[in-house]
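Letter by letter, the chains look like this.
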Amino acid sequence: MKVIVAVGGMLLAVLAAAQTSTVEVTDAYVRAMPPGRTVTAGFFEIANRGDQDCRLEAAKTDIAGATELHTHIHEDGKMKMRQVPGIDLPAGEQLSFKPGGLHVMLFRVRPLKDGEPVEMVLEFADCDPVVVQAEVRSIKRK
Ligand SMILES: [Cu+2]
(Lines give C-alpha, C1' and ligand atoms only; values in the text may rest on other atoms or scores of the structure.)
Protein backbone atom coordinates (compact mmCIF):
# COMPACT_ATOMS: atom_id res chain seq x y z
CA MET A 1 0.00 0.00 0.00
CA LYS A 2 2.79 2.42 0.87
CA VAL A 3 4.41 1.83 -2.53
CA ILE A 4 1.23 2.79 -4.37
CA VAL A 5 0.94 6.04 -2.42
CA ALA A 6 4.56 6.95 -3.18
CA VAL A 7 4.17 6.32 -6.92
CA GLY A 8 0.96 8.34 -6.98
CA GLY A 9 2.73 11.24 -5.28
CA MET A 10 5.55 11.16 -7.82
CA LEU A 11 3.12 11.23 -10.71
CA LEU A 12 1.33 14.23 -9.22
CA ALA A 13 4.68 16.00 -8.83
CA VAL A 14 5.50 15.41 -12.49
CA LEU A 15 2.07 16.62 -13.62
CA ALA A 16 2.27 19.73 -11.43
CA ALA A 17 5.70 20.58 -12.84
CA ALA A 18 4.48 20.13 -16.39
CA GLN A 19 1.78 22.76 -15.93
CA THR A 20 4.35 25.52 -15.39
CA SER A 21 6.57 24.39 -18.24
CA THR A 22 7.11 26.65 -21.20
CA VAL A 23 7.84 23.77 -23.56
CA GLU A 24 4.93 22.88 -25.83
CA VAL A 25 4.62 19.52 -27.59
CA THR A 26 2.07 18.87 -30.34
CA ASP A 27 1.20 16.14 -32.85
CA ALA A 28 2.91 13.41 -30.80
CA TYR A 29 2.67 9.87 -32.07
CA VAL A 30 4.32 6.48 -31.81
CA ARG A 31 4.70 4.43 -34.96
CA ALA A 32 2.88 1.09 -34.72
CA MET A 33 5.19 -1.92 -35.25
CA PRO A 34 4.73 -4.74 -37.75
CA PRO A 35 3.81 -8.04 -36.01
CA GLY A 36 6.74 -9.57 -34.15
CA ARG A 37 8.74 -6.35 -33.90
CA THR A 38 9.46 -4.68 -30.53
CA VAL A 39 11.40 -1.62 -31.69
CA THR A 40 9.75 1.57 -32.89
CA ALA A 41 10.01 5.36 -32.61
CA GLY A 42 8.13 8.38 -31.29
CA PHE A 43 7.72 11.68 -33.12
CA PHE A 44 6.36 15.15 -32.26
CA GLU A 45 6.67 18.88 -32.77
CA ILE A 46 8.33 20.64 -29.83
CA ALA A 47 8.53 24.40 -29.18
CA ASN A 48 10.21 26.38 -26.42
CA ARG A 49 7.85 29.28 -25.67
CA GLY A 50 9.81 30.48 -22.65
CA ASP A 51 12.90 32.64 -22.30
CA GLN A 52 15.09 29.91 -20.87
CA ASP A 53 17.11 27.53 -23.03
CA CYS A 54 16.11 23.88 -22.55
CA ARG A 55 18.06 20.74 -23.28
CA LEU A 56 16.10 17.54 -23.82
CA GLU A 57 17.90 14.70 -22.08
CA ALA A 58 15.41 11.82 -21.91
CA ALA A 59 12.00 10.63 -23.03
CA LYS A 60 10.37 8.00 -20.84
CA THR A 61 7.32 5.86 -21.36
CA ASP A 62 5.79 2.80 -19.72
CA ILE A 63 5.28 1.06 -23.09
CA ALA A 64 9.03 0.62 -23.68
CA GLY A 65 11.74 -1.24 -21.75
CA ALA A 66 14.29 1.35 -22.84
CA THR A 67 14.38 4.64 -24.76
CA GLU A 68 17.08 6.65 -26.52
CA LEU A 69 17.22 10.02 -28.26
CA HIS A 70 18.26 9.54 -31.87
CA THR A 71 19.08 11.63 -34.89
CA HIS A 72 19.88 10.69 -38.50
CA ILE A 73 23.21 11.50 -40.14
CA HIS A 74 24.56 11.10 -43.64
CA GLU A 75 27.45 8.65 -43.71
CA ASP A 76 28.94 6.97 -46.79
CA GLY A 77 25.97 8.15 -48.83
CA LYS A 78 23.48 6.53 -46.45
CA MET A 79 21.18 7.82 -43.74
CA LYS A 80 22.10 6.28 -40.42
CA MET A 81 20.58 6.58 -36.96
CA ARG A 82 22.84 7.83 -34.22
CA GLN A 83 22.15 8.12 -30.50
CA VAL A 84 22.64 11.60 -29.02
CA PRO A 85 23.05 12.40 -25.30
CA GLY A 86 20.84 15.48 -25.49
CA ILE A 87 19.10 17.86 -27.87
CA ASP A 88 19.28 21.63 -27.39
CA LEU A 89 16.02 23.55 -27.58
CA PRO A 90 16.95 27.24 -27.23
CA ALA A 91 14.38 29.79 -26.05
CA GLY A 92 11.96 30.69 -28.85
CA GLU A 93 13.05 27.79 -31.04
CA GLN A 94 11.13 24.77 -32.26
CA LEU A 95 12.12 21.36 -33.56
CA SER A 96 10.42 18.60 -35.52
CA PHE A 97 10.93 15.02 -34.44
CA LYS A 98 10.04 13.17 -37.64
CA PRO A 99 10.90 10.11 -39.72
CA GLY A 100 14.39 10.53 -41.20
CA GLY A 101 15.35 13.07 -38.53
CA LEU A 102 15.23 13.42 -34.77
CA HIS A 103 13.20 10.77 -32.98
CA VAL A 104 12.73 8.96 -29.70
CA MET A 105 13.84 5.36 -30.20
CA LEU A 106 11.75 2.88 -28.25
CA PHE A 107 13.07 -0.59 -27.38
CA ARG A 108 11.37 -3.66 -25.91
CA VAL A 109 7.96 -2.17 -26.68
CA ARG A 110 4.83 -4.04 -25.66
CA PRO A 111 2.24 -4.78 -28.38
CA LEU A 112 0.42 -1.59 -29.43
CA LYS A 113 -2.99 -0.97 -30.94
CA ASP A 114 -3.57 1.60 -33.67
CA GLY A 115 -5.06 4.74 -32.11
CA GLU A 116 -4.13 3.76 -28.56
CA PRO A 117 -3.08 6.68 -26.31
CA VAL A 118 0.50 6.56 -25.01
CA GLU A 119 1.97 8.77 -22.31
CA MET A 120 5.55 9.98 -22.64
CA VAL A 121 7.47 12.19 -20.20
CA LEU A 122 10.16 14.45 -21.65
CA GLU A 123 12.93 15.35 -19.23
CA PHE A 124 15.19 18.38 -19.60
CA ALA A 125 18.46 19.53 -18.04
CA ASP A 126 17.19 22.92 -16.85
CA CYS A 127 13.48 22.98 -17.67
CA ASP A 128 10.42 21.33 -16.16
CA PRO A 129 9.46 17.87 -17.43
CA VAL A 130 6.63 17.73 -19.96
CA VAL A 131 3.98 15.00 -19.99
CA VAL A 132 3.09 14.23 -23.60
CA GLN A 133 -0.07 12.45 -24.74
CA ALA A 134 0.92 10.58 -27.88
CA GLU A 135 -1.13 8.31 -30.11
CA VAL A 136 -0.21 5.04 -31.77
CA ARG A 137 -0.32 5.41 -35.56
CA SER A 138 0.17 2.77 -38.20
CA ILE A 139 2.53 3.54 -41.09
CA LYS A 140 -0.42 3.57 -43.50
CA ARG A 141 -2.18 6.36 -41.64
CA LYS A 142 0.67 8.94 -41.49
CU1 LIG B 1 16.58 5.47 -33.95
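Shown above is the structure to which this text applies.
Since the model is a prediction, treat every value here as computed from it, not as a measurement.

(A) Expanded view of the nonpolar core. In this structure, Phe44, Met120, Leu122, Val132 and Ala134 are the most contacted members of the largest nonpolar core, which totals 28 residues. Where this core is concerned, the elements lending two or more residues are β1 (23-31), β2 (40-48), β3 (54-60), β4 (64-75), β8 (103-109), β9 (117-124) and β10 (130-137). Dropping the residues within four chain positions of it, Phe44 is found in contact with Val25, Thr26, Asp27, Ala28, Phe97, Val132 and Ala134.

(B) Main features of the environment of Asp128. By the element assignment, Asp128 lies in the loop between β9 and β10. The exposure class assigned to Asp128 is partly exposed, which follows from the 19 C-beta atoms found within 10 Å. Residues Asp128 and Thr22, spaced 106 residues apart in sequence, show a C-alpha to C-alpha distance of 8.0 Å.

(C) Fine view of the environment of Val84. The topology assignment puts Val84 in the loop between β5 (78-83) and β6 (87-89). Note: C-alpha distance between Val84 and Glu68 (16 residues apart in sequence) is 7.8 Å. Beyond its immediate sequence surroundings of up to four residues, Val84 is in contact with Leu69, His70 and Thr71.

What counts as what
Residues numbered from 1 in each chain as written. Predicted model: local features only at pLDDT ≥ 70, side-chain atom pairs only at ≥ 80, totals over all residues. Core = buried A, V, L, I, M, F, W, Y, C linked by C-beta atoms within 7 Å. Buried ≥ 20, exposed ≤ 12 C-beta atoms within 10 Å, placed from the backbone. Helix = DSSP H or I, 4+ residues; strand = E, 2+ residues; numbered from the N terminus. Contact = placed C-beta atoms within 7 Å.

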